[in-house]
Amino acid sequence: VQLQAYGGGLVQAGGSLRLSCATSGRTSSPYAMGWFRQAPGKEREVVAAISWNERSTYYSDSVKGRFTISRDDAKNTGYLQMNSLKPEDTAVYYCAAPKSPYSGAYIYAKLYDYWGQGTQVTVSS
């Protein structure tokens with residue numbers, strides 16, 4: 001299973017970006033997904049997560065109301081819509097998926113088995 005995150009870039013504060021996470025090699029669908037980020041000098045933190053049946057979602061307090069996680073199972077792609085971006089959102093963003101086909105909206109990185117390579121998001125003030 002491979003995940004490829006893309007869609008990052010440089011944006012001004014208040015702007016928007018949509019990150020995508022393309023999944024390949026997976027035989028089970030649908031699946032849970034999480035988005036994490038890591039800023040320089042900081043630990044990786046969960047940003048958002050969605051359960052396999054999309055009935056549960058999680059958002060960190062810092063992004064709640066601004067970010068939206070979603071999936072398109074027909075395209076095997078997950079998304080993270082980021083609005084009202086702030087300079088403190090600057091980080092490398094990673095998508096991740098668990099091996100189990102019936103997983104929840106996990107918030108702990110150790111529960112994810114597959115990781116994308118990361119995409120840089122830079123928000124200028």
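What this report covers is the structure whose coordinates are included nearby. (Residues numbered from 1 in each chain as written. Predicted model: local features only at pLDDT ≥ 70, side-chain atom pairs only at ≥ 80, totals over all residues. Heavy atoms only, no water.)

**Considering the packing of aromatic side chains**
Right, so step 1: A full pass over the atoms with the stated rule returns five aromatic pairs.
Right, so step 2: Relative to Tyr 112, the ring of Phe 36 has its centre 5.4 Å away and its plane inclined at 80 degrees; by these criteria the two rings are edge-to-face. In this pair, Phe 36 sits in strand β4 (residues 33-38) while Tyr 112 sits in the loop between β9 (91-97) and β10 (114-115), placing the two residues 76 residues apart along the sequence.
Right, so step 3: With relative accessibility at 1%, the residue Phe 36 sits in the buried group.
Right, so step 4: Taking relative accessible area as the criterion, Tyr 112 reaches 5% and is therefore assigned buried.
Right, so step 5: With 6.2 Å between their ring centres and 65 degrees between their planes, Tyr 112 and Trp 115 make a pair best called edge-to-face.
Right, so step 6: It is Arg 44 that lies over the ring of Tyr 94; its NZ or CZ is 4.0 Å from the centre. (Phe/Tyr/Trp six-rings, centres within 6.5 Å; stacked < 30°, edge-to-face > 60°. Helix = DSSP H or I, 4+ residues; strand = E, 2+ residues; numbered from the N terminus. Buried < 20%, exposed > 50% of the residue type's maximum accessible area, 1.4 Å probe, protein only. Lys NZ or Arg CZ within 6 Å of the ring centre and 35° of its normal.)

**Focus on the pattern of salt bridges**
Right, so step 1: Under the criterion given, the structure shown has six salt bridges.
Right, so step 2: Between Asp 89 and Arg 66 there is a salt bridge; the shortest N-O distance is 2.7 Å. Here Asp 89 is found in the loop between β8 (77-82) and β9, whereas its partner Arg 66 is found in the loop between β6 (57-59) and β7 (67-72), with 23 residues between them in sequence.
Right, so step 3: You can call Arg 66 buried: its relative accessible area is 10%. (Salt bridge = Lys/Arg side-chain N within 4 Å of Asp/Glu carboxyl O.)

**With respect to the environment of Ala 96**
Right, so step 1: In this structure, Ala 96 sits in strand β9.
Right, so step 2: Residue classification places Ala 96 among the buried positions, given a relative accessible area of 0%.
Right, so step 3: Residues Ala 96 and Trp 115, spaced 19 residues apart in sequence, show a C-alpha to C-alpha distance of 4.4 Å.
Right, so step 4: In contact with Ala 96, other than residues within four places in its own chain, are Leu 3, Ala 32, Met 33, Gly 34, Phe 36, Tyr 112, Tyr 114 and Trp 115. (Contact = heavy atoms within 4.5 Å.)

**Let's talk about the environment of Ser 62**
Right, so step 1: By the element assignment, Ser 62 lies in the loop between β6 and β7.
Right, so step 2: Of the residues examined, Ser 62 reaches a relative accessible area of 36% and is grouped as partly exposed.
Right, so step 3: In the structure, Ser 62 is positioned 26 residues away from Glu 88 in sequence and 9.3 Å away in space, judged by C-alpha atoms.
Right, so step 4: Only 3.3 Å separates the side chain of Ser 62 from the side chain of Arg 37, close enough to count as a polar contact. (Polar contact = N/O pair within 3.5 Å; in protein donor to acceptor, adjacent residues only side chain to side chain.)

**Some words on the state of the cysteines**
Right, so step 1: If you walk through the whole model with that rule in mind, you get one disulfide.
Right, so step 2: In this model Cys 21 forms its disulfide with Cys 95; the gap between the sulfur atoms is 2.1 Å. On the sign convention where negative means left-handed, the S-S torsion of about 70 degrees between Cys 21 and Cys 95 marks this disulfide as right-handed. With Cys 21 in strand β3 (residues 17-24) and Cys 95 in strand β9, this pair connects stretches of sequence that are 74 residues apart. Residue Cys 21 shares its accessibility class with Cys 95, and that shared class is buried. (Disulfide = S-S within 2.5 Å.)

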